[in-house]
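# Structural description and commentary
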Amino acid sequence: LLITSVVRLFLLSPLFCSSCVFTFTLLLHYLVNFSSVWHETQQMENRFWMLIGFLLSFSALFLPDSPFHVSSVATFRALEEFGLVSANGCGVMVVGWVVLFVHYIDKYSHRKSLTTTSGRAFARRASVRRLSESIGESGATRLKQV
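Structure report, in brief. (Residues numbered from 1 in each chain as written. Predicted model: local features only at pLDDT ≥ 70, side-chain atom pairs only at ≥ 80, totals over all residues. Heavy atoms only, no water.)

### Some details on the overall build of the protein
Short version of the rule: Only DSSP runs of H or I covering at least 4 residues are called helices, and only runs of E covering at least 2 are called strands; the numbering of each starts at the N terminus. To sort residues, take the accessible area from a 1.4 Å probe on protein chains only and compare it with the maximum for the residue type: under 20% means buried, over 50% means exposed, and anything in between is partly exposed. It only takes one pair of heavy atoms within 4.5 Å for two residues to be counted as in contact. Surface accessibility follows the Shrake-Rupley procedure with a 1.4 Å probe radius. Residue values consider only the protein chains on display as shielding.
Looking only at helices and strands, one finds seven helices and zero strands in the protein. Its helices and strands in sequence order give the protein the pattern α-α-α-α-α-α-α, from N to C terminus. Burial statistics for the protein: of 146 residues in total, 24% are counted as buried. Residue pairs at least 24 apart in sequence account for 51% of intrachain contacts in the protein once pairs closer than 6 positions are excluded. Accessible surface computed for the protein: about 10600 Å², of which carbon and sulfur atoms make up 69%.

### Here's the deal with helix H3 (residues 42–62)
Stated formally: Multiplying 1.5 Å by the residue count of a helix minus one yields the expected span of that helix.
With 21 residues, H3 extends 30 Å from end C-alpha to end C-alpha; this agrees with the ideal 30 Å at 1.5 Å per step. Among the residues of H3, Met44, Asn46, Phe48, Ile52, Gly53, Ser57, Ser59, Ala60 and Leu61 are the ones counted as buried.

### Describing the packing of aromatic side chains
Defined as follows: Centres within 6.5 Å are what make two rings of Phe, Tyr or Trp a pair, Trp counting through its six-membered ring; a difference in plane orientation under 30 degrees is then read as stacked, over 60 as edge-to-face, and the rest as tilted.
Applying the stated criterion across every chain, the model contains six aromatic pairs. Relative to phenylalanine 62, the ring of phenylalanine 58 lies with its centre 5.1 Å away and its plane at 35°, an arrangement referred to as tilted. On the criterion of helical spacing, the pair formed by phenylalanine 58 and phenylalanine 62 is a turn pair, its members being four residues apart in helix H3. Taken together through their ring pairs, the aromatic side chains of Tyr30, Phe48 and Trp49 make up a single cluster.

### Section: the side chain of aspartate 106
Note the following rule: By the counting scheme adopted, Arg and Lys are positive, Glu and Asp are negative, and His together with the chain ends is not counted. Salt bridge criterion: a side-chain nitrogen from Lys or Arg within 4 Å of a carboxyl oxygen from Asp or Glu.
Mapped onto the elements of the fold, aspartate 106 is located in helix H5 (residues 87–116). Put simply, aspartate 106 is tucked away with no salt bridge, and the nearest opposite charge, on lysine 107, sits 6.7 Å away. Ignoring anything within four residues of it in the chain, the contact list for aspartate 106 reads Gln42, Glu45, Asn46 and Trp49.

### Quick notes on the side chain of aspartate 65
Mapping aspartate 65 onto the fold places it in the loop between H3 and helix H4 (74–81). No salt bridge is formed by the buried aspartate 65. Its closest oppositely charged neighbour is arginine 8, at 16 Å.

### Considering the environment of methionine 50
Tracing the backbone shows methionine 50 in helix H3. The partly exposed category is assigned to methionine 50, whose relative accessible area is 24%. Ignoring anything within four residues of it in the chain, the contact list for methionine 50 reads Val99, Val102 and His103.

### Points about a nonpolar patch on the surface
To keep it simple, the criterion reads: Patch criteria: residues need more than 30% relative accessible area and no salt bridge. Like-charged residues are merged within 9 Å; nonpolar side chains of Val, Leu, Ile, Met, Phe, Trp and Tyr are merged within 5 Å.
Judged by side-chain polarity, Leu2, Val6, Phe10 and Val21 come together as a nonpolar surface patch covering roughly 350 Å² of accessible area. With three residues, the top contributor of residues to the nonpolar patch is helix H1 (residues 2–12). Here leucine 2 lies in helix H1.

### Re the packing of helix H2 (residues 14–32) against H3
For the record, the criterion: The angle between two axes is taken between their N-to-C directions and runs from 0 to 180 degrees, where each axis is a line fitted to C-alpha atoms and a helix contributes only its stretch in contact. Just so you know how the angles are binned, under 35 degrees is roughly parallel, over 145 roughly antiparallel, 65 to 115 roughly perpendicular, and the rest oblique. Take the far helix as your reference; a near helix turned counterclockwise from it by less than a right angle gives a left-handed crossing, and one turned clockwise gives a right-handed crossing.
At a minimum axis separation of 9 Å, H2 and H3 run at an interaxial angle of 165°. As the angle between them shows, H2 and H3 are arranged roughly antiparallel. The hand of the H2/H3 crossing is left-handed. Only Glu45, Phe48, Trp49, Leu51, Ile52, Leu55, Leu56, Ser59 and Ala60 of H3 make contact with H2, whose side of the interface consists of Phe16, Ser19, Phe22, Thr23, Leu26, Leu27 and Tyr30.

Shown next, in the form of structure tokens:
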């Protein structure tokens, strides 16, 4: 049943399904291979997640056989009828918002992990250092003994 459903999806929209399979293959490669260039720094990981967000949102909005194509979404058509903005312009804005949202979420999760794990120890050492500087050398030795 699952195989026939996948085959039907590929027959209905081959470009959209192929781009989704490519994106998920790239994602699987990223998750399995920790020695790749994408894992070297947090900035590269952020760029990878932004690339995944771009590929998925672009393929969903701009591939002609996509079920979410910009010409088939009623909101985009309504804005185009009123002459406010073209459907393609709305699609470009949505892709940009998705990429910025993915960028923000990745940065936020990285900052949160830094503050919850090593941030407390770093803040504790910094406060002990400031306290020892303020009370002088003799108080610092007593503080270290505690």
